[in-house]
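Next come the chains, spelled out residue by residue.
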Amino acid sequence: MTFRLTHLLFLIALPLHAWQQKNHNAFLLKPEHYHHYVIEFSRQQVVATGHADADPWPWMKVNIPWFDSSAKDFEEMYYFRWFAFEKHIVSTPRGYVITEFLPHVKWGGHFNTIVDAAPFHLYEARWLRDKRIAADDARFWMSADAAPRNYSVALADAVRAVTLATGERRLGTDLLPALIANYREWEATHQDANGLYWSIDTHDAMEHSISGNGYRPTLNSYMYADATAIAALAESAGNSIIAGEFIAKAKALRERIEKYLWNPHDQFYEVLSPASRSGIRKEKKFVDPGTFLQFSGVRELIGYIPWDYNIPAADHAIAWKQLFDPQGFAGKYGPTTAERRSPQFRYPNSDKCQWNGPSWPFATTQTLIGLANLENNQQQSYVTHEDYYRLFESYVLSQHLRLSSGKVVPWVDEDLDADTGEWIARNILAQRHSPEAGRGAYYNHSGFADPLVTGLIGLRLSEDDTIVLHPLLPPKAWSYFAMDGLPWHGHLLTIVYDPTGNHYHLGRGFLLFVDGQKCAERPELGPLEYHLSEKQ
């Protein structure tokens, strides 16, 4: 239930908010209680890489929301991922940018930027208290120096995601013309007469996939997402003509995805390709409209990407039966990127980056987002909150490295073996004594804080001032948790789960605080809403 606050309570809370700002925006949790993680991560970095970076703790103290949980493995990984993320924030003459690799890579652009994981960077950075980081990075990708189409991504959707978290429309309004121009360039180079978009798996950042090139669920889903986002940003800017145009584009593309990319035999979204592989070209148009097409006939994790943007019809949720199927995507250390039953699963090749079965944190992040949307938006009987948690648990487990001493430490790199947890690219490069060995250290190619906030803890984003909480954490999985100092629409949220009230001493059950004031609560973990307009 929720309750209204009096004007007097609001006035009393103002000094508390000022106190929060002075004390690193912590209302409940004490930052120093988590400093030990960063000290240990820094020690481990020296052992694992042979060098140390500047201490990130001063930056973390003033920027990140604080997280506390009875699940210490999740808690440790949360702080590790911010420890790793900080290394990739680069201050340039153009403002902040967020990188993917720490060492320079030959395919990197200005400031060593690569666009394929840019949406994850923006999703993560939107929860930092320094709003310039996400805004600057978004503006960079729409600048003349950037290469926003080197890989397929949903940049307009990511920009809108930032504005939904901050509540500030100017970023979307400012970038709207560039986002529209970017969309039209994709149309000119990758959309065929049949209305679908073709892509090459390498340019989806998914090289050596089993399905290969064609009309892939990746770019087609991203273009739907961007059309939807552009329509919403245009509507917010008062441009009804552009809004109407892109609403129509999104509607038409959704219908095509449902009609052409859903394989009813496999009950999965799959790549659609010409019957003759010779029909695939790397530039300009992909295939003549009359060319015979066929499904790849393999289920790949990219078949869940349409759920990232709420595209699928409700009856297509049957696809999620494959997630933990032993012949599907099941893996101890995260889901495999291709189904195990495929004869081409992990087919031999010497490349270090493979999407024919290894687990990738990038793909696991996409799957977490899609599954959260399914759990929030559709009634179905194939997966549950327990399955979402099971997937997240395997994701946490996967992000570790065994040092030469035998000690296992938090780590994130490129692709990994879903059965052993060994990092594939890291091992191949080391065995070859390649000059690129170690390039994947603290690889910034995935998300963690964002799916934790929007999935497990359940802060769902809306256009208005309504705070919607729909936690996917099963009630008995953790005995308590708190997320403190989470920036949202110019306010700071504290979200608490304390079923006995004896851990945080703020009350029993599931509680929401805004700027230090209790605004909503319920006795058990579950959906909770609060309208900020009630805070008067």
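Calculation criteria
- Residues numbered from 1 in each chain as written.
- Predicted model: local features only at pLDDT ≥ 70, side-chain atom pairs only at ≥ 80, totals over all residues.
- Heavy atoms only, no water.
- pLDDT = per-residue confidence, 0-100.
- Contact = heavy atoms within 4.5 Å.
- Helix = DSSP H or I, 4+ residues; strand = E, 2+ residues; numbered from the N terminus.
- Expected span 1.5 Å × (residues − 1).
- Buried < 20%, exposed > 50% of the residue type's maximum accessible area, 1.4 Å probe, protein only.
- Arc of directions from axis to C-beta.
- Axes fitted to C-alpha atoms, helices over the stretch in contact; angles between N-to-C directions.
- Parallel < 35°, antiparallel > 145°, perpendicular 65-115°, else oblique.
- Left-handed = near helix turned anticlockwise from the far one by under 90°.
- Nonpolar A, V, L, I, M, F, W, Y, C, P; charged D, E, K, R; others polar.
- Polar contact = N/O pair within 3.5 Å; in protein donor to acceptor, adjacent residues only side chain to side chain.
- Pairing = 2+ DSSP bridges.
- Salt bridge = Lys/Arg side-chain N within 4 Å of Asp/Glu carboxyl O.

Some details on the confidence of the model for the chain
Part 1 of the argument: When the pLDDT values of the chain are averaged, the result is 92; 92% of them are 70 or greater.
Part 2 of the argument: Note on residues 1-23: pLDDT is under 50 here. Beyond four places in sequence and across chains, it has 42 contacts.
Part 3 of the argument: pLDDT under 50 marks residues 276-286. Its contacts with residues more than four places away, or in other chains, come to 25 contacts.

Comments concerning the environment of Ile318
Part 1 of the argument: Locating Ile318 in the fold gives a position in the loop between α11 (305-308) and α12 (361-377).
Part 2 of the argument: As for Ile318 and Ile257, which are separated by 61 residues in sequence, their C-alpha atoms are 17 Å apart.
Part 3 of the argument: Beyond its immediate sequence surroundings of up to four residues, Ile318 is in contact with Trp262, Gln267 and Tyr382.

What about unusual backbone geometry?
Part 1 of the argument: For Tyr442, which is not glycine, the phi torsion reads 60° and is therefore positive.
Part 2 of the argument: Along the chain, Tyr442 turns up in the loop between α14 (424-431) and α15 (449-456).
Part 3 of the argument: Unlike most non-glycine residues, His489 shows phi in positive territory, near 50°.
Part 4 of the argument: Of note, His489 is situated in the loop between β12 (481-488) and β13 (491-498).

Some remarks on helix α10 (residues 240-261)
Part 1 of the argument: Relative to the 32 Å expected for 22 residues at 1.5 Å per residue, α10 spans 31 Å between its end C-alpha atoms, a close match to the ideal helical length.
Part 2 of the argument: Residues Ile242, Ala243, Phe246, Ala250, Leu253, Ile257, Glu258 and Leu261 constitute the buried set of α10. Seen end-on, α10 carries its buried residues on one side only, within an arc spanning 135°. Residues of α10 that are exposed and point over 90 degrees away from its buried face: Ser240, Ile241, Lys251 and Lys259.
Part 3 of the argument: Residues of α10 that are buried in the fold lie against α8 (170-190), α9 (217-236), β4 (262-263), β5 (268-269), β6 (272-274) and β7 (293-295).

A few points about the packing of α12 against helix α13 (residues 385-398)
Part 1 of the argument: The contact between α12 and α13 brings their axes to 10 Å, and the two run at 165°. It follows from the interaxial angle that α12 and α13 lie roughly antiparallel. Crossing handedness for the pair α12 and α13: left-handed. Here α12 contributes Pro361, Thr364, Thr365, Thr367, Leu368, Leu371, Ala372 and Glu375 to the contact with α13, which in turn contributes His385, Asp387, Tyr388, Leu391, Phe392 and Tyr395.
Part 2 of the argument: Taken together, the residues of the contact of α12 with α13 break down into 8 nonpolar, 4 polar and 2 charged.

Points about the side chain of Asn376
Part 1 of the argument: Structurally, Asn376 is set in helix α12.
Part 2 of the argument: A distance of 2.5 Å separates the side chain of Asn376 from the side chain of His470, its partner in a polar contact.
Part 3 of the argument: Non-local contacts of Asn376, meaning those with residues more than four positions away in its chain, are made with Arg460, His470 and Leu472.

Describing α14
Part 1 of the argument: Within α14 the residues assigned to the buried category are Ile424, Ala425, Ile428 and Leu429. Within α14, the buried residues cover an arc of 120° as seen down the axis, which keeps them to one side.
Part 2 of the argument: Residue His433 follows α14 closely and has a positive phi angle near 55°.

What about the sheet that holds strand β15 (residues 517-522)?
Part 1 of the argument: Pairing in this open sheet of 5 strands is antiparallel, and the strands run β1-β12-β13-β14-β15 from one edge to the other. Across the chains shown, the open sheet's two edge strands, defined by having one partner strand only, are β1 (66-69) and β15. Pairwise comparison of adjacent strand axes, ignoring direction, gives a mean angle of 15° for this sheet.
Part 2 of the argument: Here β13 pairs with strand β14 (residues 509-514) via 6 bridges, running antiparallel. Bridge pairing links Asp498 to Gly509 in β14.

So, the pattern of salt bridges
Part 1 of the argument: Per the stated rule, a full pass over the model turns up 27 salt bridges.
Part 2 of the argument: A salt bridge links Arg126 to Asp450; the nearest nitrogen and oxygen atoms lie 2.7 Å apart. Placement of Arg126 in the loop between α5 (118-125) and α6 (132-141) and of Asp450 in helix α15 is noted, with a sequence separation of 324 residues between them. Considered together, Arg126 and Asp450 belong to a single accessibility category, that of buried residues.
Part 3 of the argument: A salt bridge links Glu339 to Arg299; its shortest N-O distance comes to 2.9 Å. Here Glu339 is found in the loop between α11 and α12, whereas its partner Arg299 is found in the loop between β7 and α11, with 40 residues between them in sequence.

Remarks on the environment of Pro103
Part 1 of the argument: With respect to the helices and strands, Pro103 occurs in the loop between β3 (95-98) and α5.
Part 2 of the argument: Note: C-alpha distance between Pro103 and Gly440 (337 residues apart in sequence) is 8.7 Å.
Part 3 of the argument: Setting aside residues no more than four positions away along its own chain, Pro103 makes contact with Asn112 and Arg439.

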